Amino acid sequence: MSPTEYAYNSKVEGEVIVSKLDAVINWVRKNSVWPMPMGLACCAIELMGSAASRFDVSRFGMEVMRFSPRQADCMIVAGTVTYKMAPVVRRIYEQMAEPKWVIAMGACASTGGMYRSYATMQGVDRIVPVDVYVSGCPPRPEALIDALMKLQNQVISKERSVKGLFKPREDLA
Amino acid sequence: MEDIAKTLIGRFGSITRRKSADWPAFNVPASRILDVCRFLRDDFGYDVLIDITAVDWEHESPRFSVVYHLLSTAKATYIRLVCPCIHDHKPSIQSVESLWPAANWHEREAYDMFGIHFEDHPELSRILMWDGYPYHPLRKEFPLAGIDTDLPLDDKDIDLGDGAKAIAAPMMGGPFHATPGEPMSHAEPHGSDESWTEKHPKPEEGK
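Here goes a summary of the coordinates provided. All values derive from a computational prediction rather than experimental measurement.

## Examining the overall build of chain A
Right, on to step 1. When its secondary structure is counted, chain A shows six helices and four strands.
Right, on to step 2. When the elements of chain A are put in sequence order from the N terminus, they spell out α-α-β-α-β-α-β-α-β-α.
Right, on to step 3. By the burial criterion, 42% of the 173 residues in chain A qualify as buried.
Right, on to step 4. Pairs at least 24 apart in sequence give 77% of the contacts found in chain A among residues at least 6 apart.
Right, on to step 5. Carbon and sulfur atoms make up 57% of the accessible area of chain A, which amounts to about 9,800 Å² in all.

## Quick word on the state of the cysteines
Right, on to step 1. What the rule picks out here adds up to zero disulfides over all chains.
Right, on to step 2. No disulfide involves Cys137(A); its nearest neighbouring cysteine sulfur is the one of Cys108(A), lying 5.6 Å away.
Right, on to step 3. Cys83(B) carries a free sulfur, and the closest cysteine sulfur to it, the one in Cys85(B), is 6.6 Å from it.
Right, on to step 4. A residue is classified by how much of its surface remains accessible, and Cys83(B), at 0% relative accessible area, is buried.

## A short note on the pattern of salt bridges
Right, on to step 1. Scanning the model with the defined rule gives ten salt bridges over all chains in all.
Right, on to step 2. Of the charged contacts in the structure, one is a salt bridge between Arg140(A) and Glu142(A), with a shortest N-O distance of 3.2 Å.
Right, on to step 3. Between Arg63(B) and Asp56(B) there is a salt bridge, with the nearest N and O atoms lying 2.8 Å from each other.
Right, on to step 4. Exposure remark for Asp56(B): the relative accessible area of 5% places this residue in the buried category.
Right, on to step 5. If you follow the salt bridges from partner to partner, you end up with Arg32(B), Asp35(B) and Arg38(B) in one network.

## Some thoughts on the sheet that holds strand S2 (residues 25–27) of chain B
Backbone-to-backbone hydrogen bonds pair the strands of a sheet. The strands run either parallel or antiparallel.
Residues and elements named next belong to chain B.
Right, on to step 1. The five strands are arranged S1-S2-S5-S4-S3 in an open sheet whose pairing can be described as mixed. Edge positions in the open sheet fall to strand S1 (16–18) and strand S3 (48–56), since each of these has one partner strand only. Strand after strand, the sheet turns through a mean of 25 degrees between neighbouring axes, direction not considered.
Right, on to step 2. As judged from the three bridges shared by S2 and strand S5 (residues 77–84), these two strands associate in the parallel manner. Within S5, the position partnered with phenylalanine 26 by the bridge is leucine 81.
Right, on to step 3. Lying over the sheet, helix H2 (residues 33–44) contacts strand S4 (64–72) and S5, oriented at roughly 170 degrees with respect to S5.
Right, on to step 4. Of the strands in this sheet, S3 and S4 are in contact with helix H3 (residues 103–114), which crosses S3 at around 10 degrees.

## Remarks on the sheet that holds strand S3 (residues 101–105) of chain A
Residue and element names in this part refer to chain A.
Right, on to step 1. The four strands lie next to each other as S1-S2-S3-S4, forming an open sheet whose pairing is parallel. The open sheet has two edge strands, strand S1 (35–39) and strand S4 (132–134), and neither has a second partner. Averaged over all adjacent pairs, the angle separating strand axes in this sheet is 20 degrees, with direction ignored.
Right, on to step 2. Where strand S2 (residues 74–78) meets S3, five bridges bridge the pair, whose relative direction is parallel. When the bridges of S3 are listed, methionine 75 appears paired with valine 102.
Right, on to step 3. Running over the sheet, helix H6 (residues 141–157) touches S2, S3 and S4 and is turned about 155 degrees from S3.

## Quick word on the nonpolar core
As a rule of thumb, soluble globular proteins bury nonpolar side chains together.
Residues and elements named next belong to chain B.
Right, on to step 1. In terms of nonpolar packing, the biggest core is built from 65 residues, with Leu8, Tyr68, Leu81 and Ile93 touching the most fellow members.
Right, on to step 2. The biggest single contributor to this core is H2, with seven residues.
Right, on to step 3. Shared between two domains, this core takes at least three residues from each, and those domains are domain 1 (2–119) and domain 2 (143–207).
Right, on to step 4. Residues in contact with leucine 8, not counting those within four places in the same chain, are Ile15, Phe26, Val36, Phe39, Leu40 and Ile79.

## A closer look at the packing of helix H2 (residues 21–30) of chain A against H6(A)
Residue and element names in this part refer to chain A.
Right, on to step 1. Interaxial distance between H2 and H6 falls to 8 Å at its minimum, and their mutual angle equals 165 degrees. Relative to H6, the element H2 is oriented roughly antiparallel. For the crossing formed where H2 meets H6, the hand is right-handed. Contacts from Asn26, Trp27, Arg29 and Lys30 in H2 reach Gln152, Val155 and Ile156 in H6.
Right, on to step 2. Split by residue class, the contact of H2 with H6 holds three nonpolar, two polar and two charged.

Each value, and the rule that gives it
Residues numbered from 1 in each chain as written. Chains lettered and ligands numbered in written order. Predicted model: local features only at pLDDT ≥ 70, side-chain atom pairs only at ≥ 80, totals over all residues. Heavy atoms only, no water. Helix = DSSP H or I, 4+ residues; strand = E, 2+ residues; numbered from the N terminus. Buried < 20%, exposed > 50% of the residue type's maximum accessible area, 1.4 Å probe, protein only. Contact = heavy atoms within 4.5 Å. Areas by Shrake-Rupley, 256 points an atom, 1.4 Å probe, with all protein chains shown as cover. Disulfide = S-S within 2.5 Å. Salt bridge = Lys/Arg side-chain N within 4 Å of Asp/Glu carboxyl O. Pairing = 2+ DSSP bridges. Axes fitted to C-alpha atoms, helices over the stretch in contact; angles between N-to-C directions. Core = buried A, V, L, I, M, F, W, Y, C linked by side-chain atoms within 4.5 Å. Domains from an automatic or database assignment. Parallel < 35°, antiparallel > 145°, perpendicular 65-115°, else oblique. Left-handed = near helix turned anticlockwise from the far one by under 90°. Nonpolar A, V, L, I, M, F, W, Y, C, P; charged D, E, K, R; others polar.

Written as structure tokens, this is what we have:
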């Protein structure tokens, strides 16, 4: 054994790691966010670009785009939310399993953007809770990746406790 | 072009020529629109329906006109038909969906935006706004900023309980324009009246 061994050493520490359950679970969540592309307009093109080889969001453990809300953690609302689409966005958000996050990508999803009209919702945060807003019309893929990294920091730093996660269900007890 | 005008006016006496800057245009009475369209398609080769839209003349009668743009792919020429709707209050006209299936969605859009009823349309429902939306937004009396309307969030599974609704968005006095010749820092498009913004609420009527 070298004198400067910083990594985990099973011979010294045994097969035991001591940590907090919150920290471990949130660390797992942080490094494996499965995004759900809610591609509604041109922002979706930049969203695709951020997943492709040039920008490659898989470096941060987010390459698994899930088109089923049941399998996704983070809804990326990429584009203009019309009032006609709003109930659909809301329904899909409700179908995602907890814990779940939302990124409002671009000016339209954040505020309605340049569309001030009878048909356009003035910000998707009126129907779903948004964790990160991305400015731009559309944002560069770097901006979206930055937003996803900010979301990772939120996941690890915000006290979203895992209490109750392993609680026995009362109906089965 | 002149032979089309002669043939059309000779065959359907109630058709009149309409002033046009480019392609020939005709006023067609609502009762003959289906016959005229079928004639143009079968005998003159106008095989593509490019667009159906409508015009709201507000205070005139007939108030609504439906505008058809047809294309002949063989001759590469267009023709425009303008057809006033029968009623001002509940405007209606014959559907041409039986001639060009493309008319289906165009007519649904004209119905959605102007409230024009296309008779014999297979499924005349809204296409851009949601089902149950109470207004026709491109009518002249509809305000530019919109009208507060409840959203179709009545499903209890997706109900937020916060009463999310369609809100009138401030237009800041739009339509927006940039003055040419100004320095670029001042040429940013702006509304001519910005008295009503997110920060300053809309002044009440009559004050």
